[in-house]
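Breakdown of the fold
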Amino acid sequence: MQRRLLPSMSALLAFDAVARTGSFTAAARDLSLTQGAISRQVAVLEEQLGARLIDRTARRAALTEAGQAYALRARAALELLGQGALEALGQAPEKGLKLAILPTFGTRWLMPRIPGFVRRHPEVTLQFATRIGQFDLRTEGMDAAIHSGRGDWPGARATLLMNERVVPVGAPVLAAQLAAGRALSDLPVLALASRPQAWTEWRAQSGQPGPGAAPLMRFEQVATLAQAAAAGMGVALMPAFLIRPELDSGTLTVLGEERPSGFGYYFIEPEPAPGHPPKRAVSQFRDWLLTEVARDTVV
């Protein structure tokens, strides 16, 4: 390889930080440098390669097509160097697994089961980060994610864990109003911001006239939506398995039929880069998850 194409370590680290964070400011904070220093290092790298890696006209520090390809190689090279340093010191590389998880799914369903995975694979070090929407797994340094959607994650493999079923729920005071003759369609509506068509799909599935008014409030997280519904602020469509404590305690009451939402929970992993097979820990975690889901479905 021509020596002129090999970047300095400082330039490589600066570019990798920008690629991971999507921001010169965040990259500077990550490396404890100034934003100007990060920008200069990336500019030196671009000049050395003769290619534009970052589109500076975008709102974020968006990678160009060449930048995306180089970011994958840069990250792999840095990880390889890190593993080599550990081996040189006589230490085994850390078998880490970085996972992005949905907040409520993580706290309500996943975390109570994690001790089982740790007992089975004590050599794997788990690191969790909460994410709601889609993102680039590689640029954020994540090995995998658990996501709610329809399995359409670009550039990644999606393994279905379970199909989602939702049910209208609300505070007991709303159940009393329904018992007194008030129609479900007259109740105020609470909704998830990511599910604008949830009630329309539920009505089509159930054949019942659910609430037709626009949502009174929208929420990003299931847990916050559950709290608002329990406070009597309206009726919400929610996955019953994520609000079991509220249903068991009577804080929330079922107000209608449970139906498929058309969404599912998926294990997302990046497509393997050429010459870089996926981590063994990723497949171990995926297989363990599928075993846990299968155990839940056993009657």
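Going by the structure above, here's the rest.
Residues numbered from 1 in each chain as written. Predicted model: local features only at pLDDT ≥ 70, side-chain atom pairs only at ≥ 80, totals over all residues. Heavy atoms only, no water.

Attention now moves to the packing of aromatic side chains. Evaluated as defined, the whole model comprises 11 aromatic pairs. A centroid spacing of 5.1 Å and a plane angle of 25° characterise the contact between Phe105 and Trp109, whose relative ring orientation is stacked. Of this pair, Phe105 and Trp109 both sit in helix 5 (residues 103-110), four residues apart, roughly one helical turn. Taken as a pair, Phe105 and Trp109 share a single burial class, namely buried. Between Phe135 and Trp153, the ring centres sit 5.5 Å apart and the planes meet at 80°, which makes this aromatic pair edge-to-face. Placement of Phe135 in the loop between strand 4 (124-130) and strand 5 (144-149) and of Trp153 in the loop between strand 5 and strand 6 (156-170) is noted, with a sequence separation of 18 residues between them. The exposure classification of Phe135 matches that of Trp153, with both residues buried. Here a set of aromatic residues connected by ring pairs shows up, and it is made of Phe105, Trp109, Phe241 and Tyr265. (Phe/Tyr/Trp six-rings, centres within 6.5 Å; stacked < 30°, edge-to-face > 60°. Helix = DSSP H or I, 4+ residues; strand = E, 2+ residues; numbered from the N terminus. Buried < 20%, exposed > 50% of the residue type's maximum accessible area, 1.4 Å probe, protein only.)

On to helix 8 (residues 198-206), then. Within helix 8 the residues assigned to the buried category are Trp199, Trp202 and Ser206. Relative to the axis of helix 8, the buried residues are bounded by an arc of 60° and lie together on one face. At its buried positions, helix 8 is contacted by strand 6, strand 7 (190-192), strand 9 (236-239) and strand 11 (259-270). Residue Gly207 follows helix 8 closely and has a positive phi angle near 75°. (Arc of directions from axis to C-beta. Contact = heavy atoms within 4.5 Å.)

Scanning all chains against the criterion turns up three cavities of 30 Å³ or more. Forming the walls of the largest cavity are Val166, Leu190, Ala191, Leu192, Arg195, Ala198, Trp199, Leu225, Leu237 and Pro239. Broken down by element, the lining of the largest cavity gets its largest block of residues, three residues, from strand 7. Grouping the constituent residues of the lining of the largest cavity by class yields nine nonpolar, no polar and one charged. (1 Å grid on protein atoms, 1.4 Å probe; cavity = no way out; pocket = protein on both sides within 12 Å on 5 of 7 lines; lining within 4 Å. Points joined across faces, edges and corners; volume = space filled by probe spheres on them. Nonpolar A, V, L, I, M, F, W, Y, C, P; charged D, E, K, R; others polar.)

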